Amino acid sequence: MKAKTAIAIVEWTSLPLLLLAGLLVISGYGLTSEAARNASLGLLTFSRSQAIHLSRLVKLGFVSLLLLHTYAGTEVLAKKVEKTGHQRLAALMEYSVLAFLIYVGWIALNGEFGG
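Residues numbered from 1 in each chain as written. Predicted model: local features only at pLDDT ≥ 70, side-chain atom pairs only at ≥ 80, totals over all residues. Heavy atoms only, no water.

The name an unreviewed UniProt entry assigns to the protein is Succinate dehydrogenase, from the organism Thermococcus indicus.

(A) Structural view of the packing of helix α4 (residues 56-83) against helix α5 (residues 87-113). Relative to each other, α4 and α5 sit at 175 degrees, their axes nearing to 9 Å. Judged on the interaxial angle alone, α5 and α4 are roughly antiparallel. Classifying every residue of the contact of α4 with α5 by side-chain character gives 17 nonpolar, 4 polar and 6 charged. (Axes fitted to C-alpha atoms, helices over the stretch in contact; angles between N-to-C directions. Helix = DSSP H or I, 4+ residues; strand = E, 2+ residues; numbered from the N terminus. Parallel < 35°, antiparallel > 145°, perpendicular 65-115°, else oblique. Nonpolar A, V, L, I, M, F, W, Y, C, P; charged D, E, K, R; others polar.)

(B) Structural view of helix α1 (residues 3-32). If you check α1, its first and last C-alpha atoms are 42 Å apart, about what 30 residues at 1.5 Å a residue would give, namely 44 Å. Buried within α1 are the following residues: Ala-6, Ile-9, Thr-13, Leu-17, Leu-20, Leu-24, Ser-27, Gly-28 and Gly-30. Buried positions along α1 lie against α2 (34-39), α3 (46-53) and α4. (Expected span 1.5 Å × (residues − 1). Buried < 20%, exposed > 50% of the residue type's maximum accessible area, 1.4 Å probe, protein only. Contact = heavy atoms within 4.5 Å.)

(C) Region of the structure containing the UniProt feature "transmembrane region" (unreviewed entry) in the protein. Look at the UniProt record and you will see "transmembrane region" (unreviewed entry) annotated at residues 12-31, 51-68 and 89-109. Helix makes up 89% of residues 51-68 and strand 0%, and the two end C-alpha atoms of the span are 25 Å apart. Secondary structure within residues 89-109 divides into 100% helix and 0% strand; the distance between the first and last C-alpha atoms comes to 30 Å. (UniProt positions renumbered as here; feature names shortened; annotations may be inferred.)

(D) Summary view of the environment of Ser-49. On the secondary structure map, Ser-49 appears in helix α3. With 19 residues separating them in the primary sequence, Ser-49 and Gly-30 have C-alpha atoms 5.4 Å apart. With near-sequence residues (within four places) excluded, Ser-49 lies in contact with Ser-27, Gly-30, Leu-31 and Leu-44.

(E) Here's a closer look at the pattern of salt bridges. Tallying each qualifying case throughout the model produces 3 salt bridges. For the salt bridge of Arg-56 with Glu-112, the shortest nitrogen-to-oxygen distance reads 3.1 Å. Here Glu-112 lies in helix α5 and Arg-56 lies in helix α4, a separation of 56 residues in the sequence. For the salt bridge of Glu-112 with Lys-59, the shortest nitrogen-to-oxygen distance reads 2.9 Å. Here the residue Glu-112 occupies a position in helix α5, and Lys-59 occupies one in helix α4, the gap between them amounting to 53 residues. Classification of Lys-59 by relative accessible area gives partly exposed; the value is 27%. Counted as one network, the salt bridges with shared partners bring together Arg-56, Lys-59 and Glu-112. (Salt bridge = Lys/Arg side-chain N within 4 Å of Asp/Glu carboxyl O.)

Pasting the structure below:
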């Protein structure tokens, strides 16, 4: 992946990833904390929190953005490491992170569709 492409992916996934992470955190507190529900001024009810937090679209969107963002960010970092003359370290970083992300994606897909 070219560095420009990787940087563009990191930039474009940052805000949606932040919003979905915030939504998951807030809805999680809405499930477990009366204080959080009160602090939301009535916007966050238990049933709304449950619907958001258990939404397949929200969870898969978050995981997809997380995987894409992390892979592109690792590519940017690997390019910087490569420029310092550490090609093997850069390749090790890239392949290790890629293997981990494939594993995380596999678990997420099995968790949602595996039964």
